[in-house]
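Coordinates in review
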Amino acid sequence: MSEPTVAPTASAPTSASASHYARGSAANMVRSLALIVAFMAVIFFAVARTNTLSGPPVDVSGLATSVARETGWPIEVPADLPDGWRPSAVRFVPSTDNLPTWHVGYTSPDGHYIAVEQTADATKKWITQQTNRAPVKGAEVAAGRTWQLYVRDIKTQNSLVAPGPGQLTTIVTGDGTLEELKVFAEHLQPFRS
């Protein structure tokens, strides 16, 4: 009998034949890292970024017309605010205790959010929710009305709460300063379509 023939096999490369770059020296690692950082820098500076997000325009007048017609409430909107104030939210939805709530939010020139919240026959729970459980800290006068001042220090939120107009309770609230809230309150007027 004859012995089986074995095909020659390829031998594994020896360390002497391995690429100089594949050996993993510290210098090669630094060069690779520099190349990656340079590539990431190109991507970082090539991608457009925005500093602010903008959404669709807010139609305060359109919804206010519907709400005033539907409810008969003398809802209020800010009019003739100083330059830099811009509307950022408007809605009429059920809120705490299922009370329909008129909400109009504005961004102040300093970037703070200030809103008016109104409902008829407000409950204590509704006021507590809208003022973010803030305690009463005194009273303020703005636009000829006396407002209760609610201040929550832990999560900055200031609120002015007043009865009226009519059966409505009106709250001016947000993360703005007391001065910003008073400016906003002084520019509130009953909506007229």
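This structure is a prediction, so every number in the text was calculated from the model and none was measured. (Residues numbered from 1 in each chain as written. Predicted model: local features only at pLDDT ≥ 70, side-chain atom pairs only at ≥ 80, totals over all residues. Heavy atoms only, no water.)

**Some details on the packing of aromatic side chains**
Ring pairs (aromatic) are described by centroid distance and by the angle formed between their planes. Throughout the structure, instances matching the rule amount to four aromatic pairs. When the ring of F44 is compared with that of F45, the centres are 5.0 Å apart and the planes differ by 85 degrees; the resulting orientation is edge-to-face. Under the relative-accessibility criterion, F44 is labelled partly exposed at 45%. Measuring from ring centre to ring centre gives 5.7 Å for Y106 and F184, while their planes differ by 65 degrees; the resulting arrangement is edge-to-face. Remark: F184 occurs in helix α4 (residues 178-186) and Y106 occurs in strand β3 (residues 100-107); sequence separation between them is 78 residues. (Phe/Tyr/Trp six-rings, centres within 6.5 Å; stacked < 30°, edge-to-face > 60°. Buried < 20%, exposed > 50% of the residue type's maximum accessible area, 1.4 Å probe, protein only. Helix = DSSP H or I, 4+ residues; strand = E, 2+ residues; numbered from the N terminus.)

**Digging into unusual backbone geometry**
A positive phi angle is found at D80, which is not glycine, with a value near 55 degrees. Structurally, D80 is set in the loop between β1 (76-78) and β2 (86-94). Residue classification places D80 among the exposed residues on the basis of a relative accessible area of 67%. Its identity as a non-glycine residue notwithstanding, R133 has a phi of 60 degrees, on the positive side. If you trace the backbone, R133 turns up in the loop between α3 (124-130) and β5 (136-142). Given the relative accessible area of 53%, R133 is considered exposed.

By themselves, these are just geometric observations and shouldn't be taken as functional.
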